[in-house]
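Structural characterization, general
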Amino acid sequence: MTLESSGPDAPHGGNAPLATLDAAALARLRELDPDGRHGVLTRVLAAFETSLARMLVQLRAELGAGDPGVVAGVAHTLKSSSASVGALALAASCAAVERRLRSGAPGDLHADVERLVSDGEAALRAVGAMLRP
Amino acid sequence: MTPAHPYADAGLQVQPEVLLVDDDEVNLLLTELALRERGFRIAGASSGEQALALLRDWTPDIVVLDALMPGMDGFDTCRALRRLPGHENVPVLMLTGLDDDASITRAYQAGATDFFVKATQWGLLAGRLHYLLRASRTRIELERSKFKLARAQDLARMGSFDWWRSERGDAAGLVMSPEALRVFGYGPHEAVGLRTLLRMVPHDDRRGFLRLLHEALRHASVVATDVPIVLLDGRQRIIHVEAEPEFNEHGHGVGYAGIVQDVTDRRVAEDKIRQLANFDALTGLPNRRQLIWRAERALEQARRMGHQFALLLIDLDRFKIINDTLGHGAGDEALVEVGRRLRACVRHSEQVMEGALEAAGVRSHRSLEAVGRLGGDEFVALLPEVAAEEDAERVAQRVLETLREPIFVGGQECFVTASVGVALYPRDGASVVDLLRNSDVAMYSVKVQGKNSSAIYSPQLAGRGREKLELETALHKAIERDELVLHYQPKIDVRAARMVGAEALMRWQRGGRLVPPGDFIPLAEDTGLIVPLSEWALREAAKQARVWQQAFGFAESIAVNLPSRLFERSDLVEHIHQCVTAVTVPHRMIQLEITEDNLMKDLQNVIPSLHRLNEIGVEISIDDFGTGYSSLAYLTTLPISELKVDRSFVRDLGVTPQSSAVVTAIIALARSLGLRVVAEGVETLRQMEVLHRLGCGVMQGFLFSRAVPADDLQRWLESTVLPRKAPWIGRASGSDPGTDAHRAAGGRQYR
């Protein structure tokens, strides 16, 4: 289940509604550590938060004259990890961007980066809310 | 955690160690957790560089690589990993996106073992890892066993090959393992075709080998054969080829898979063993075993094809003399030379290929022809086909002829002659054993008749065989072994009741048994052994005369029997002289007896000796007188001193009037010639009395004493004659002493 706000037409900025993480994905993560003894969920989310934050910095740097290779690489990495933690809107954006860039004609990279940054920030907020309610 | 894993097997008791490489820390963490949950031990690396650093001093069981990573990606990492020593065969699983076909190809090119789609279905990933681990272990085992096989093949000088025939335009081909190439002297990577290999087979063998291969190919049958080859460096080897046909799905033979093995050493050893088992080590000729084998084959062939074959037994004459006088080394040399010469007398075939007999056609038995050594100085010539006994006889003559040349051994020339006995199949025997025995009988008949000749077997010869030859050999050794003894029979002057001499008679103590003279004296005469025997007897008699002289003043003579051939020897006088002077007794103490037959047979040759003997004081006595056909004219001129009346006349005294007439005549003759008369074989008092009445006063016989050992004779004298206790003493003393004045009668009484 995705958030309505994570659609392509969703408004950008800090006032966007709070995104939530996909319940099914979270359930799968919990299955890895049913009684929570190993703190798997927390560790995974923390790892995601750290890596996502770092990549957002990288993406923002590409908002100017973007390098398609760097953008595609970030999209690829974020694609699977965001899917793993249930940030499905971000995962979908990553897949779309990666597919488009690999097709050969980069075109307007700016829009892609903006979209990734926006979805990434939403996911970062959602993870933050999970980790620090 | 699941303790018993569904993929676990015997080789998987410990947790497999996994190196997990992923730049996405979330994914790295998740995968790590999931795999750890499934029994793996995980080390994580978030970049290719970090992974390679870990691998510098650690080898995981498997590496899981994310394909797309910033910086050094999965492909670069995999390539770098493969270059690290010890990581050439570590299984590497490359994780790619689902839709990333290009990466899959690149993954394999980079050296990845397998790829897997990146997903969160951990169970599938774990299953794939187990599969790869198992494949890896299988591969390691395979590598190890390949290595072992290669090593074993190398040690066994063995290698494998595959050959396939040309089909539907595809050329025929041969693939050989490096070990197989090595068998043929090639390096491990050289390309060698079947044609090249076939050219290594010597021309003479190639045709047969090719025929064998074509035959096998046509029937799609197994190939198993040894073939000689010459390596490029000129060394000759023997290669064992063993191959099984391979078939396609339609059952058509498409090629062969097999092994080649260098069996030269084994063949050399086998040949050596065969050589030792079948050939005489000294002469190199076929030995008894091989000869008998050949003879059996020859017999089968002769029986099947209805022809004759011949066995020639060749026995060297008096070969022992060479061994005894020149030593065994010289004897061996002579045997080698004899073997060499005999071999040239026949169409000698060194080898008979077993199984070749049937193959080589009707004349194949010719290859059996050979000369072999049965042992000792006995050889055999095998003639596998003869048309008539003359063929065999011709070869026998060739054998005798070839030995006529002297043999140079031990620094001097020797003459070796042979006696050859011939037996023909089927006439002279239906089995090899019979033929050998009968050729032996024929050979022996040659020996008896004076050697250095040949004889063809005939049934009349049988029965005079081996035993006599053995007796001869034993008799030969009898002198050295001190088996011969002289027994003495006294000559008695019945009127004076005293011993006036003794006759020495030879006895042979053979293995605790006393062989009577009749059983070995004729043989000794046949074989010439009588000469050394007689010489020994003369020596012995002289010694005994000396012993008795000292013991009881014996002053008469001891008579020794000699055959005429001894009188023919110019050294007889010298020999007797040595015998008596050695023991310091006078010559007259030796008397010689020669039979009338013997004397008359060789009269002309014997007379000169008799004269010389007489001159030195050795008297001659004629033995068995009355049985021969003496020329009385000669008798008057011969230098003889004594006649001995043959026992047959004495036996019949008082039974047939003729005997007393003969004895009377002999006594009259002796008297007129001035000779002594001695009667032999006196067994009864009646015979003694008749003889005495007829005028013969000196006698020998059981009535007085049989021939006894020297010591016994002395005891008999002391216990019987001197005390005058015997029944015959006194019976003749009262009668007419007669005029046959025994020359010794005036001799002193003993004691």
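Predicted model only: the values in this text are computed from it and were never measured. (Residues numbered from 1 in each chain as written. Chains lettered and ligands numbered in written order. Predicted model: local features only at pLDDT ≥ 70, side-chain atom pairs only at ≥ 80, totals over all residues.)

Right, let's talk about the overall build of chain A for a bit. Along chain A, the regular secondary structure elements total five helices and zero strands. Along chain A, helices and strands appear, N-terminal first, in the series α-α-α-α-α. For chain A, the residues scored as buried account for 41% of the 133 residues in total. (Helix = DSSP H or I, 4+ residues; strand = E, 2+ residues; numbered from the N terminus. Buried ≥ 20, exposed ≤ 12 C-beta atoms within 10 Å, placed from the backbone.)

Quick look at the sheet that holds strand S2 (residues 41-45) of chain B now. Residue and element names in this part refer to chain B. With respect to topology, five strands assemble into an open sheet ordered S2-S1-S3-S4-S5, the strand pairing being parallel. Whereas interior strands pair on both sides, the edge strands pair on one side only; in this sheet they are S2 and strand S5 (114-117). Strand-to-strand twist in this sheet, taken as the mean axis angle between neighbours without regard to direction, amounts to 25 degrees. The pairing of strand S1 (residues 17-21) with S2 spans five bridges and is parallel. In the sheet register, Leu19 faces S2, and the bridge partner there is Ala43. Contacts from helix H1 (residues 25-37) reach S1 and S2, with the element oriented near 170 degrees to S2. (Pairing = 2+ DSSP bridges. Axes fitted to C-alpha atoms, helices over the stretch in contact; angles between N-to-C directions. Contact = placed C-beta atoms within 7 Å.)

So, about the packing of helix H3 (residues 68-85) of chain A against helix H4 (residues 88-102) of chain A. Residues and elements named next belong to chain A. The interhelical angle for the contact between H3 and H4, taken along N-to-C directions, is 145 degrees, at an axis separation of 8 Å. Judged by the sense of rotation from one axis to the other, the crossing of H3 with H4 is left-handed. On the side of H3, the interface is formed by Pro68, Val71, Ala72, Ala75, His76, Leu78, Lys79, Ser82 and Ala83, while H4 contributes Leu88, Leu90, Ala91, Cys94, Ala95, Val97, Glu98, Leu101 and Arg102. Residues of the contact of H3 with H4, tallied by class, amount to 13 nonpolar, two polar and three charged. (Left-handed = near helix turned anticlockwise from the far one by under 90°. Nonpolar A, V, L, I, M, F, W, Y, C, P; charged D, E, K, R; others polar.)

The next thing to look at is the environment of Ala668 of chain B. Within the secondary structure, Ala668 of chain B sits in helix H25 (residues 657-673). Given 13 C-beta atoms within 10 Å, Ala668 of chain B falls into the partly exposed group.

Most peptide bonds take the trans form, and the phi angle of most residues other than glycine is negative. Residue and element names in this part refer to chain B. With omega at 0 degrees, the peptide bond leading from Tyr425 into Pro426 counts as cis. Among the secondary structure elements, Pro426 is positioned in the loop between strand S16 (418-425) and helix H15 (432-448). Unlike most non-glycine residues, Asp624 shows phi in positive territory, near 55 degrees. Of note, Asp624 is situated in strand S23 (residues 619-625).

On to the nonpolar core. In this structure, Ala541, Val560, Ile590, Val645 and Val677 of chain B are the most contacted members of the largest nonpolar core, which totals 73 residues. A total of eight residues in this core trace back to one element, the largest contributor, which is helix H18 (residues 530-552) of chain B. Those residues in contact with Val560 of chain B that lie beyond four places of it in its chain are Ala504, Ala537, Leu538, Ala541, Ile590, Leu592 and Glu593 of chain B. One finds Leu90 of chain A together with Val26, Val92 and Leu95 of chain B within the second-largest nonpolar core, a separate group that totals 69 residues. (Core = buried A, V, L, I, M, F, W, Y, C linked by C-beta atoms within 7 Å.)

What follows covers the environment of Leu59 of chain A. All names here are of chain A. Checked against the element boundaries, Leu59 lands in helix H2 (residues 40-61). Judged by the 23 C-beta atoms lying within 10 Å of it, Leu59 is buried. Sequence spacing of Leu59 and Val70 is eleven residues, and the spatial spacing of their C-alpha atoms is 8.4 Å. Look past the residues within four positions of Leu59 in its chain and what remains in contact with it is Val74, Val113, Leu116, Val117 and Gly120.

What follows deals with the sheet that holds strand S10 (residues 253-262) of chain B. Residues and elements named next belong to chain B. Within the open sheet, the five strands sit side by side as S7-S6-S10-S9-S8. Their pairing is antiparallel. The open sheet has two free edges, formed respectively by strand S7 (173-176) and strand S8 (223-230), since each of these has just one partner strand. Strand-to-strand twist in this sheet, taken as the mean axis angle between neighbours without regard to direction, amounts to 25 degrees. Note that strand S6 (residues 158-164) and S7 share four bridges and pair antiparallel.

So, about the confidence of the model for chain A. All names here are of chain A. Scored by pLDDT, chain A has a mean of 79; 84% of the residues are at 70 or more. Taken element by element, the predicted model of chain A shows its lowest mean pLDDT in H3 (85) and its highest in H2 (89). Note that residues 1-17 has pLDDT below 50 and, in this model, 19 contacts with residues that lie over four places away or in other chains. (pLDDT = per-residue confidence, 0-100.)

On to the packing of helix H11 (residues 319-326) of chain B against helix H12 (residues 328-343) of chain B. Residue and element names in this part refer to chain B. Across the interface, H11 lies against H12 with an axial gap of 6 Å and an inter-helix angle of 140 degrees. Taken as axis vectors, H11 and H12 run oblique relative to one another. For the pair H11 and H12, contact is made by Ile322, Asn323 and Leu326 and by His328, Ala330, Gly331 and Ala334, respectively. Classifying every residue of the contact of H11 with H12 by side-chain character gives four nonpolar, three polar and no charged. (Parallel < 35°, antiparallel > 145°, perpendicular 65-115°, else oblique.)

Residue and element names in this part refer to chain B. In terms of residue burial, S16 counts as a mostly covered element, since eight of its eight residues are buried. Pairing geometry for strand S11 (residues 308-316) and S16, over eight bridges, is antiparallel. By the bridge assignment for S16, Leu316 is matched with Ala418. For S16 and strand S17 (residues 453-456), the ladder comprises four bridges, and the chain directions are parallel. From the neighbouring strand, Val420 faces S17, where its bridge partner is Ser454.

Moving on to the environment of Leu33 of chain B. Tracing the backbone shows Leu33 of chain B in helix H1. Those residues in contact with Leu33 of chain B that sit more than four places away from it in its chain are Leu32 and Val40 of chain A.

We now examine the confidence of the model for chain B. All names here are of chain B. In the predicted model, chain B carries a mean pLDDT of 85, and 91% of its residues have values of at least 70. Counted against residues more than four places away or in other chains, residues 1-8, with its pLDDT under 50, gives five contacts. This stretch, residues 734-751, has a pLDDT under 50; its non-local contacts, to residues over four places away or in other chains, come to 31 contacts. Here the complex is predicted with pTM 0.43, and the ipTM for its interfaces comes to 0.79.

Before going further, it helps to examine helix H5 (residues 122-155) of chain B. Spacing of three or four residues puts side chains on the same side of an α-helix, whose turn is 3.6 residues. Residue and element names in this part refer to chain B. Spanning 34 residues, H5 covers 49 Å between terminal C-alpha atoms, matching the ideal 50 Å at 1.5 Å per step. Among the residues of H5, those classed as buried are Leu125, Ala126, Leu129, His130, Leu132, Leu133 and Gln153. Positive phi appears at Arg157, one or two residues downstream of H5, with a value of about 50 degrees. (Expected span 1.5 Å × (residues − 1).)

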